[in-house]
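What the coordinates show
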Amino acid sequence: MAMKMRQQVRSQASRQAAAPAVPTAGLRVAGARGPAPVAPAMAMQAMLAQAAPVATTTSSRAHTAKHVCRTAMAEAPSAAGGESVTRTDLRNIAIIAHVDHGKTTLVDSLLKQSKVFRDNQATTERIMDSNDIERERGITILAKNTAVRYKGTKINIIDTPGHADFGGEVERVLNMCDGVLLLVDSVEGPMPQTRFVLRKALGLNKKVVVVVNKIDRPSARPDWVIDHTFELFMDLGANDEQCDFPVIYASGFQGIAGTKPSEMADDLEPLFQAIINEVKPPVVTPTAPLQMLVANIDYDTHLGRIGVGRVIAGTIRKGQQVSVCSSLEPGKVRTQKIAELFVYDNFNRVPVEEVSAGDIVALSGISDIKIGETICERGNPIALETIEVEDPTVSMTFKVNTSPFAGKEGKFVTSRNLKERLDRELERNLALRVEPGETADAFVVSGRGTLHLGILIENMRREGFEFEIGPPKVITKEIGGKTVEPYEEAVVEVPEQYVGAVVELFAQRKGEMTDLQPSLEGQSRLKFRIATRGLLGLRNAMLTATRGMGVMNTLFLEYAPLAGEILMRDAGSLVAHETGAVTSYALESAQERGQMFVRPGDAVYEGQCVGQHAKAGDLKINVCKTKALTNMRAASKEIKVGLDEPRIMSLDDALEYINDDEMVEVTPKSVRIRKDPSKAKRR
């Protein structure tokens, strides 16, 4: 059915494309059915949608001084002076997909087949994942730029994260591209993050090229994937032209592609051709006044702070004096000088003297440049609308470490160190929010999810910071006089024999099952609507219930009325009774009370959580006691008791484990769980 509907849409789009153009404007508003007369103002807006992928707002110019920052009216660059030019030598694309659908691997193949590297040059897998944490976890966290050349055409490529917690990276880089490659796994099909990134791309009217990746998998089902992808387009309200999307079948690992699953080329030539033919070249006005929106921030030890963005109009030159302004701060303009100018070419940042409109540029010399600011022609500061991302849904409290071991393992331990580091993170992480806490040494940090905040915490501890983290809490809102909380869609892939255990687990946390479908190879796919509160700590519980066989992905859905009380953890903690070193003798009896988190020889302090109690409620135990030594020989031979393997808590495990009266102590060397002293009276 979906395939037949798509054929009808394609036929209708073809008839519309064949209709004669209207000479009055020569433009058609995106989504309009058939050619229609377009007013001059609408024509300029439509032109801007092609040339500058950022919306702009109108502000009064009648009484504005020469150096006062003004918000640009939604008009074509040509209206400011100069003729429009089509950059046929350039394409700007972003690669978007759900996590683990092969984005970075496909970029590797694109780079290699573009002869970016020498034949004898040693390269690693996932070249674009340069961050240590990205390589360890196998996921992309930060959006990155590169460029390749294909038959004289430069293709700027932006590799984006696939996890929903890092959706803010995707939202801001879409402003730099004219089209996107939407990667979909040939077996899994569209997943929660696929819906999120596609909704953003369609909302910005980007051209979408669907790439069915991993087509070499034995269980690949490309027809099923295309049908469900088309249904996703329809669900998101795509117009006829957007629903008639081109499809390329590929294997990023093998470096092959084709227009049909049965007709695969020996390389990625069909994919390169699709990019050139389907993604429109940027239409720009190089002679108009300069406008560039900063969409990303980089740092170099020699160059300092680097701003990355697309030149919307005009030409930017090395050594040029420019005006920097923002639509969030009208009337505030500062003059700066461009020290160095770079473009991305063949996996390198190449220094250049000037860059024309349409290309993506990196520049240095503006030490305080921020994401969302506009770099303009000096004396003509017209700010583009700043980049906006969706609001955070989860918050944690960052505090100065107050444990008995405070200051022994970290380099940066004061509240000033903590505030300065969080302020630096705010400059490039648009999805993050930082607010003062209840005390002077506490800060409430909000983000898209526990993984989003967990990556920040992991980066900070590797930099030498030592601090404490409070339990994650959802951010509620007041809408229509009622308190609402965020809800998410959870998609679980699990073997059929564990379906009952998963349903029971979600039911305990007030989750509602909305769909259940059989998948391949004895797998089932379940969809739940559940409050974000219910997801906290759920991942580890699900892995335990499914013997490690379950895979869960989530996506923000909506704000809705409170779900009521949700039991987060029914078991208590085993709390250390005194400070000292853990002994094997003490663990022999302590391990009968529950699962331990410590090994013999570990240093612990009073109030530290050293294990999980097998029953409800906390239990204080002594894990430091030693065997009394006497000169009397035992009458009978002692029975040796083996020690169970402890559960060593990682940072992610600890953040999921803690209750409201517990905290995570984070240092460069250790991750410990402790009871919150400020809540001792309540306990």
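All figures in this text were calculated on a predicted structure; none of them were measured in a lab.

1. Thoughts on the overall build of the chain
Assigned secondary structure in the chain consists of 16 helices and 40 strands. Put simply, the chain has 683 residues, and 52% of those count as buried. Counted over contacts in the chain with a minimum sequence separation of 6, partners at least 24 positions apart contribute 71%. With an accessible surface of roughly 31100 Å², the chain has 50% of that area assigned to carbon and sulfur atoms.

2. A word on the sheet that holds strand E17 (residues 340-345)
What the eight strands build is an open sheet, ordered E16-E15-E21-E12-E13-E20-E17-E18; its pairing is antiparallel. The open sheet has two edge strands with one neighbour each: strand E16 (334-337) and strand E18 (348-351). Recorded for the sheet is a direction-independent mean angle of 40° between the axes of neighbouring strands. Here four bridges tie E17 to strand E20 (residues 360-364), and the two strands are oriented antiparallel to one another. Across the sheet, Leu341 pairs through a bridge with Leu363, a residue of E20.

3. Examining the nonpolar core
Leu182, Val210, Phe233, Ile316 and Ile375 are the most contacted members of the largest nonpolar core, which has 66 residues in total. Among residues more than four places away in sequence, those in contact with Leu182 are Ile96, Thr194, Val197, Leu198, Val208, Val209, Val210, Val211 and Phe233.

4. Things to note about the confidence of the model for the chain
Averaged over the chain, the pLDDT score is 80; the fraction of residues at 70 or greater is 81%. Every residue in residues 15-80 is under pLDDT 50, and counting partners more than four places away or in other chains gives 117 contacts.

5. Considerations on the packing of aromatic side chains
Applying the stated criterion to the full structure yields eight aromatic pairs. Here the aromatic rings of Phe398 and Phe467 are separated by 5.5 Å at their centres, their planes lie at 15°, and the arrangement is stacked. Here Phe398 is found in strand E23 (residues 394-400), whereas its partner Phe467 is found in strand E26 (residues 467-469), with 69 residues between them in sequence. Assigned by exposure class, Phe398 and Phe467 land together as buried. Here Phe597 and Tyr657 contribute two aromatic rings whose centre-to-centre distance is 5.4 Å and whose plane-to-plane angle is 90°, an arrangement assigned as edge-to-face. Taken together, the residues Phe597 in the loop between strand E35 (594-596) and strand E36 (603-604) and Tyr657 in helix H16 (residues 651-657) connect sequence positions 60 residues apart.

6. A few points about the sheet that holds strand E8 (residues 247-251)
Within the open sheet, the eight strands sit side by side as E4-E5-E3-E6-E7-E8-E9-E10. Their pairing is mixed. Each of the sheet's edge strands pairs with one partner strand only, and the pair in question is strand E4 (144-150) and strand E10 (263-264). Helix H6 (residues 192-203) rests against strand E3 (90-97), strand E6 (179-185) and strand E7 (207-213) of the sheet, and its axis sits at about 150° to E3.

7. Things to note about the pairing of E4
In terms of burial, E4 is largely enclosed, as six of its seven residues are buried. Looking at chain direction, E4 and strand E5 (residues 153-159) are connected through seven bridges and run antiparallel. Bridging across to E5, Ala147 finds its partner in Asn156. Two successive antiparallel strands, E4 and E5, enclose a turn made up of two residues, where Lys151 displays a positive phi of approximately 50°.

8. Topic: unusual backbone geometry
Of note in this structure, Lys214 is not a glycine but carries a positive phi near 60°. Mapped onto the fold, Lys214 is located in the loop between E7 and helix H7 (222-235). Backbone geometry at Lys510 places phi at a positive 65°, although glycine is not the residue there. Tracing the backbone through its elements, the reader meets Lys510 in the loop between helix H12 (499-508) and strand E30 (512-518).

9. A few points about helix H3 (residues 103-113)
Most of H3 sits out of view: eight of its 11 residues are buried. Within the sequence span of H3, burial applies to Lys103, Thr104, Leu106, Val107, Asp108, Ser109, Leu110 and Leu111. Where H3 is buried, its residues meet E3, E4, E5, E6 and helix H9 (269-278).

10. Observations regarding the environment of Ser323
Here Ser323 shows up in strand E15 (residues 321-325). On the accessibility criterion, Ser323 (1% relative accessible area) is buried. As a C-alpha pair, Ser323 and Lys337 span 14 residues in sequence and 8.7 Å in three-dimensional space. Separated by 3.5 Å, the side chain of Ser323 and the backbone nitrogen of Gly379 make a polar contact.

11. Overview of the pairing of E5
Extensive coverage of E5 is indicated by the burial of seven of its seven residues. Residue alternation in E5 divides its side chains into two sets, Thr153, Ile155, Ile157 and Asp159 and Lys154, Asn156 and Ile158, and both sets are buried. As defined by bridge partners, E3 adjoins E5 across six bridges and the pair is classed as parallel. Following the sheet pairing, Ala94 is matched in E5 by Ile158.

12. Quick notes on the packing of H12 against helix H14 (residues 538-545)
Their axes nearest at 9 Å, the elements H12 and H14 cross at an angle of 155°. As the angle between them shows, H12 and H14 are arranged roughly antiparallel. For the element pair H12 and H14, the recorded crossing hand is right-handed. Residue-level contacts link Ala501, Val502, Leu505 and Phe506 of H12 to Leu538, Ala541, Met542 and Ala545 of H14. Here the contact of H12 with H14 is composed, by residue class, of eight nonpolar, no polar and no charged.

What counts as what
- Residues numbered from 1 in each chain as written.
- Predicted model: local features only at pLDDT ≥ 70, side-chain atom pairs only at ≥ 80, totals over all residues.
- Heavy atoms only, no water.
- Helix = DSSP H or I, 4+ residues; strand = E, 2+ residues; numbered from the N terminus.
- Buried < 20%, exposed > 50% of the residue type's maximum accessible area, 1.4 Å probe, protein only.
- Contact = heavy atoms within 4.5 Å.
- Areas by Shrake-Rupley, 256 points an atom, 1.4 Å probe, with all protein chains shown as cover.
- Pairing = 2+ DSSP bridges.
- Axes fitted to C-alpha atoms, helices over the stretch in contact; angles between N-to-C directions.
- Core = buried A, V, L, I, M, F, W, Y, C linked by side-chain atoms within 4.5 Å.
- pLDDT = per-residue confidence, 0-100.
- Phe/Tyr/Trp six-rings, centres within 6.5 Å; stacked < 30°, edge-to-face > 60°.
- Polar contact = N/O pair within 3.5 Å; in protein donor to acceptor, adjacent residues only side chain to side chain.
- Parallel < 35°, antiparallel > 145°, perpendicular 65-115°, else oblique.
- Left-handed = near helix turned anticlockwise from the far one by under 90°.
- Nonpolar A, V, L, I, M, F, W, Y, C, P; charged D, E, K, R; others polar.

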